[in-house]
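Survey of secondary and tertiary structure
Read off the chains here:
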Amino acid sequence: MSLNTPIFLKEREEDNSKFVEIQQSQTTSIAAEDPLQNLCLASQEVLQKAQQNGRSKCLKCGGSRMFYCYTCYVPVENVPIEQIPRVKLPLKIDIIKHPNETDGKSTAVHAKLLAPEFVNIYTYPCIPEYEEKDHEVALVFPGPKSVSVKEISFHLQEKIQNNVGGKNDDLDKPFIKRKKTEEQDLNDSKCKDTTLKKIVFIDSTWNQTNKIFTDERLQGLLQVELKTRKTCFWRHQKGKPDTFLSTIEAIYYFLSYW
């Protein structure tokens, strides 16, 4: 019996290893099917009561709405604002909304409701100026020039180095003075924070995004794509791939990577 014991133990270890692999595979599969499984969900009681009471008025504009006003970005009268969770985000978020996007269907409002201090919504053609801060801002939008979330820091650092290089073209300066200027610029670039501070999203139907995406004010921004995520949104756009996410999904998935 003693001669067979090592063989028995080896077979048992292999079985245990296979069992662990199967468990890990099942866990990964479940996570893919339910990407929201790790969320800490707040009580929905306040929304259930509001639904029973029906539509209520917005305290700002007086419009009749259910749950929240999609024009003023605030809860309605019968949804106490203190009962709505406030979320602290690691980044500032700008959302550029297409003027033809139906307000009541926009999922961008959900982000503004939950994180009002971190989210700003602009209606196109109103777009903030990003030119002086393009080393700390990125645009989430798919395309041939887009990079992955993991590559953001590298490409932002590259932008800083390119910006510094572009300033050193004053050939009329004496060589010694020009050299000191170049060294100072390089030192400044090393000190400059390359951390991403703001992320930009386009809120529009996919057929309408091109007008905003091609705007010259967004052309200098680093472009980021969420390549491995599929939409779970119930109102998925017909004829589009399941990797085309709703605005709130794109925000959630990006921040879950960050």
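Report on the accompanying structure. Here the structure is a predicted model, which is why all the values come from computation and not from measurement. (Residues numbered from 1 in each chain as written. Predicted model: local features only at pLDDT ≥ 70, side-chain atom pairs only at ≥ 80, totals over all residues. Heavy atoms only, no water.)

**Let's talk about the pairing of strand E5 (residues 92-97)**
Rules: Working definition: with a 1.4 Å probe on protein chains only, accessible area under 20% of the residue-type maximum means buried, over 50% means exposed, and in between means partly exposed. Secondary structure elements follow DSSP: runs of H or I of four or more residues count as helices, runs of E of two or more count as strands, with numbering from the N terminus. For two strands to be treated as a pair, DSSP must find at least two bridges joining them. A right-handed crossover is one whose linking path, passing over the helix from the first strand to the second, runs clockwise when the strands point away from the viewer.
With respect to burial, E5 is a largely interior element, five of its six residues being buried. Inspection of the sheet shows E5 paired to strand E8 (residues 198-203) by six bridges, in the parallel sense. When the bridges of E8 are listed, Asp94 appears paired with Val200. When E5 meets strand E6 (residues 119-123), the two strands line up parallel, connected through five bridges. By the bridge assignment for E6, Ile95 is matched with Ile121. The parallel pair E5 and E6, bridged by helix H3 (residues 108-114), forms a crossover whose chirality is right-handed.

**Remarks on the packing of aromatic side chains**
Put simply, the rule is: We call Phe, Tyr and Trp rings a pair once their centres come within 6.5 Å, taking the six-membered ring for Trp, and we label the pair stacked below 30 degrees between planes, edge-to-face above 60, and tilted otherwise. Only when the NZ of Lys or the CZ of Arg is both within 6 Å of the ring centre and within 35 degrees of the ring normal is a charge said to sit over the ring.
If you walk through the whole model with that rule in mind, you get four aromatic pairs. Each ring, one from Phe141 and one from Trp206, has its centre 5.8 Å from the other, and the planes form 40°; the classification is tilted. Linking Phe141 in the loop between strand E7 (137-140) and helix H4 (152-167) with Trp206 in the loop between E8 and helix H6 (209-213), this pair joins segments that are 65 residues apart in sequence. For the pair Phe141 and Trp206, a shared accessibility class is recorded, and that class is buried. Their ring planes at 55° and their centres at 5.5 Å tell us that Tyr252 and Tyr253 sit as a pair that is tilted. Its relative accessible area of 27% is what places Tyr252 among the partly exposed residues. In textbook terms, an aromatic cluster arises when at least three aromatic residues are bridged by ring pairs, as seen for Phe141, Trp206 and Phe213. Over the face of the ring belonging to Tyr70 we find Arg65, whose NZ or CZ atom lies 4.3 Å from the ring centre. Between Lys92 and the ring centre of Phe118, over which it is positioned, the NZ or CZ distance is 5.1 Å.

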